[in-house]
Amino acid sequence: MTRQILVPIDGSESAAKALEHACLLQRADGATIHLLHIPEVPVAQDALGRKTGATPLDYTPARAREQGENLLRQAWQATGSHDGSVRFLVEDGHPAQVIVAQARSLNIDLIVMGSRGLSDLRGLMVGSVSHKVTHVAPCQVITLHVPE
Amino acid sequence: MIKRILVPLDGSDGARQALAHASWLQRASDATLCLLMVREPPSADEHLGAMVGVPPVETLEADDDSEERRLLQAAWRELGNAEGHVEIRVATGSPAPTIVEQAQTFGADLIVMGSRGQGQFQSLVFGSVSQQVTESASCPVVTYHVPQSETES
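Residues numbered from 1 in each chain as written. Chains lettered and ligands numbered in written order. Predicted model: local features only at pLDDT ≥ 70, side-chain atom pairs only at ≥ 80, totals over all residues. Heavy atoms only, no water.

An unreviewed UniProt entry lists chain B under the name UspA domain-containing protein, with Salinicola rhizosphaerae given as the organism. Of the comments in the UniProt record for chain B, the one headed Sequence similarities (unreviewed entry) reads "Belongs to the universal stress protein A family." (UniProt positions renumbered as here; feature names shortened; annotations may be inferred.)

Looking at an unreviewed UniProt entry, one finds chain A named Universal stress protein YxiE and attributed to Salinicola rhizosphaerae.

Laid out in structure tokens, this is it:
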């Protein structure tokens, strides 16, 4: 039974580091890596959007999905390990909930994630995502913290 | 590439899992492992010691860390990676600062540690050690979390 490793990717440096780490593990035991991106719905930059929190006019979920897939593909290419087995997933929802739900439904053995992500109110957002995930995940979780 | 990995051990389950994980990494990257055990000096329970928090005289004099070394050697043997490079260290002091200090002198480029240790207040005690290390270490820190149900069973 090959190990299933889930790596949430948000485009941040720490997520990239976590992926590098997962690739090391994959080289050791031939695990399957699942890359997961959870698109954040953007807020329009015009006056109305800023006031109401509405999305930009040209935003569609399909487009967000496509961008997410590109992000995952780029992240994977950046690791340089092309022969490992990998799956790309783009899912909507609250990050921590989606990560845990996917870990359950995919029978994940290990989640590898960075501890400080993009929405950098100094770890408030993604820092707390990894914190939540470590507390409720059904499997083992590795958090990778890289000093600034 | 990772070359030097520090693994603080405290005899707990989480630490053992972290060690197994570090061993994977070692095999993948041919790194040197450093197994570290930190001895925490107990504070003396006679009147003066309890007031100022100094360790009892015996523990200051007893500089015998053979028991800790034996435990670390046993943990290393259990991994069954005989040809890997390993260094055994025992240090005395308060856990988090000592781990950070040892990481520096060892030249660690990665610390791998468990997030739930032996302390009575579970995550309160060791969880906070790994948090403190994460905050103050100058190298990346990998924290290994084992789901609660696994630690209980």
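Quick look at the overall build of chain B now. Helices and strands together make up the secondary structure of chain B, namely seven helices and five strands. Listed N to C, the secondary structure of chain B is β-α-β-α-α-α-β-α-β-α-β-α in terms of helices and strands. Burial status across chain B gives 46% buried among its 153 residues. Restricting the contact set of chain B to residue pairs at least 6 apart, pairs at least 24 apart contribute 73%. (Helix = DSSP H or I, 4+ residues; strand = E, 2+ residues; numbered from the N terminus. Buried < 20%, exposed > 50% of the residue type's maximum accessible area, 1.4 Å probe, protein only. Contact = heavy atoms within 4.5 Å.)

Below, the discussion takes up the packing of aromatic side chains. The full count for this structure, using the stated rule, is zero aromatic pairs over all chains. One Lys or Arg, A:Arg3, reaches over the ring of B:Trp24 and ends 5.5 Å from the middle of that ring. Lying across the ring of B:Phe106, B:Arg4 places its NZ or CZ 4.2 Å from the centre. (Phe/Tyr/Trp six-rings, centres within 6.5 Å; stacked < 30°, edge-to-face > 60°. Lys NZ or Arg CZ within 6 Å of the ring centre and 35° of its normal.)

Here we come to the pattern of salt bridges. All names here are of chain B. Under the criterion given, the structure shown has seven salt bridges over all chains. The salt bridge involving Arg4 is made with Glu87; its shortest N-O contact spans 3.8 Å. With Arg4 in strand 1 (residues 4–9) and Glu87 in strand 3 (residues 85–92), this pair connects stretches of sequence that are 83 residues apart. You can call Arg4 partly exposed: its relative accessible area is 30%. Relative accessible area serves as the criterion here: at 26%, Glu87 is assigned to the partly exposed category. Of the charged contacts, one joins Asp65 and Arg69 as a salt bridge, the two residues approaching to 3.4 Å between their closest N and O atoms. Its relative accessible area of 33% is what places Arg69 among the partly exposed residues. (Salt bridge = Lys/Arg side-chain N within 4 Å of Asp/Glu carboxyl O.)

Right, let's talk about a nonpolar patch on the surface for a bit. Residues and elements named next belong to chain B. On the surface, Leu48, Met51 and Val52 cluster together to form a nonpolar patch covering roughly 340 Å² of accessible area. Among the structural elements, Val52 can be located in helix 2 (residues 47–52). Owing to a relative accessible area of 55%, Val52 belongs among the exposed residues under this scheme. (Patch = residues over 30% accessible without salt bridge, like charges linked within 9 Å, V, L, I, M, F, W, Y side chains within 5 Å. Areas by Shrake-Rupley, 256 points an atom, 1.4 Å probe, with all protein chains shown as cover.)

Turning our attention to the nonpolar core. Formed by 44 residues in total, the largest nonpolar core has its most connected members in A:Ile5, A:Val7, A:Leu19, A:Ile33, B:Ile5, B:Leu33 and B:Leu35. When residues in this core are grouped by element, the largest group, seven residues, is from helix 1 (residues 13–29) of chain A. (Core = buried A, V, L, I, M, F, W, Y, C linked by side-chain atoms within 4.5 Å.)

With that settled, consider the sheet that holds strand 3 of chain B. Ordered in space as 3(A)-2(A)-1(A)-4(A)-5(A)-5(B)-4(B)-1(B)-2(B)-3(B), the 10 strands form an open sheet in which the pairing is mixed. What marks the edges here is a single partner per strand, and that holds for strand 3 (85–90) of chain A together with strand 3 of chain B. In this sheet, neighbouring strand axes are inclined to one another by 20° on average, regardless of whether the strands run parallel or antiparallel. Alignment of strand 5 (residues 140–145) of chain A against strand 5 (residues 141–145) of chain B, held across five bridges, turns out to be antiparallel. Note on strand 5 of chain B: the bridge partner recorded for A:His145 is B:Val141. (Pairing = 2+ DSSP bridges. Axes fitted to C-alpha atoms, helices over the stretch in contact; angles between N-to-C directions.)

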